[in-house]
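# Tertiary structure, described
Here are the chains, one letter per residue:
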Amino acid sequence: MISKTLGLFVMLCFVGSLLQSSTENNAKSMGVPSASSDVVHVELNLEASADHMRLGEKPITLRVELRNQGPEVFYASRNLDSILNSPGYVVIEVTNAAKQTTLLYSLESSFRQRGAEHEWWFGILPQHYYGTFIVLDSSMQDSLRTPGAYELIAKYVSQGGTIPAAPDLGIASHTAWKGEIKSNSIRIAVLPSQRSRQK
């Protein structure tokens, strides 16, 4: 059973070329679309700024990237906030040593329409990536308040659908892929605070 908890801070999104990426030759196993989804050549990569953090101290920043390895443009949600009723979103699954999994999602509880519908999506060119930074703070997330080892997996979920044309901008109607992509797994450790160690 997967429980849900608030507490993700999703920062500004970023875009870049895989051909110029310093992590292009990374040997890590990448995430792939779920078997029930249409096949797409898009991977989800998850990295952390550190492999541990102390309770109540400096948080960890996660870097989540959708990498388009295919020959066609892949349309992803422009806003990758973990808002579960948005057209597309990223969530983080946290599993503790007891194999209990918690789903972390955004502090913002519902999707609010911003701009025209075609502006909700971002076209990732072939051999390019699109991603975001997510801040994990043990003081804000109940599932990370107990010292121990944790496994983290990112998941991108797209509701899919037809994206309307915008003739004035020369944008034709196109289809957004529907399905989910899971990333590689990473491990972090949550350590006791310095204050508790001094007692």
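Scroll up to find the structure this text is about.
Here is what the cut-offs are and how they apply
Residues numbered from 1 in each chain as written. Predicted model: local features only at pLDDT ≥ 70, side-chain atom pairs only at ≥ 80, totals over all residues. Heavy atoms only, no water. Pairing = 2+ DSSP bridges. Helix = DSSP H or I, 4+ residues; strand = E, 2+ residues; numbered from the N terminus. Core = buried A, V, L, I, M, F, W, Y, C linked by side-chain atoms within 4.5 Å. Buried < 20%, exposed > 50% of the residue type's maximum accessible area, 1.4 Å probe, protein only. Contact = heavy atoms within 4.5 Å. Salt bridge = Lys/Arg side-chain N within 4 Å of Asp/Glu carboxyl O. 1 Å grid on protein atoms, 1.4 Å probe; cavity = no way out; pocket = protein on both sides within 12 Å on 5 of 7 lines; lining within 4 Å. Points joined across faces, edges and corners; volume = space filled by probe spheres on them. Nonpolar A, V, L, I, M, F, W, Y, C, P; charged D, E, K, R; others polar.

## Focus: the pairing of strand 11 (residues 174-191)
Across three bridges, the pairing between strand 3 (residues 52-54) and strand 11 is parallel. When the bridges of strand 11 are listed, M53 appears paired with V190.

## Looking at the nonpolar core
Here is a general trend for soluble globular proteins: nonpolar side chains tend to be buried in one another's company. Judged by nonpolar contacts, the single largest core of 35 residues is most densely connected at L62, L66, F74, I92, L136, L152 and Y156. Contributing elements (two or more residues each) for this core: strand 2 (42-48), strand 4 (60-68), strand 5 (74-77), strand 6 (88-95), strand 8 (121-124), strand 9 (128-136), strand 10 (148-163) and strand 11. Of the residues forming this core, the biggest block, six residues, is contributed by strand 11. Residues contacting L62, with those up to four places away along its chain left out, are L46, E47, A48, I92, T132, F133, I134, L136, L152 and I186.

## Observations concerning the environment of W177
Relative to the assigned elements, W177 resides in strand 11. Counting along the chain gives 103 residues from W177 to F74, while the straight-line C-alpha distance between them is 7.7 Å.

## Looking at the pairing of strand 2
Each regular strand carries side chains that alternate between the two faces of the sheet. Among the seven residues of strand 2, five are classified as buried, and the element is accordingly described as predominantly covered. Bridge analysis of strand 2 against strand 4 gives seven bridges, and the strand direction is antiparallel. Within strand 4, the position partnered with A48 by the bridge is L62.

## Considerations on the pattern of salt bridges
Within this structure, the stated rule accounts for four salt bridges. Put simply, E65 and R67 hold a salt bridge, and the shortest N to O gap is 2.7 Å. The same class applies to E65 and to R67, which are both buried. Measuring nitrogen to oxygen at the nearest pair gives 3.5 Å for the salt bridge that ties E93 to K155. Taken together, the residues E93 in strand 6 and K155 in strand 10 connect sequence positions 62 residues apart.

## Some thoughts on the layout of surface pockets
Its boundaries defined by the atoms lining it, the largest pocket holds a volume of some 190 Å³. As for the largest pocket, its lining consists of 14 residues, and the residues nearest its centre are V40, E72, V73, F74 and W177. Contributing elements (two or more residues each) for the lining of the largest pocket: strand 5 and strand 11. For the lining of the largest pocket, the element with the most residues is strand 11, which contributes three residues. Along the lines of polarity and charge, the residues of the lining of the largest pocket split into nine nonpolar, four polar and one charged. Quantified by volume, the second largest pocket comes out at close to 160 Å³. As for the second largest pocket, its lining consists of S49, A50, H52, M53, R54, E57, K58, P59, I60 and T61. Every element with two or more residues in the lining of the second largest pocket is listed here: strand 3 and strand 4.

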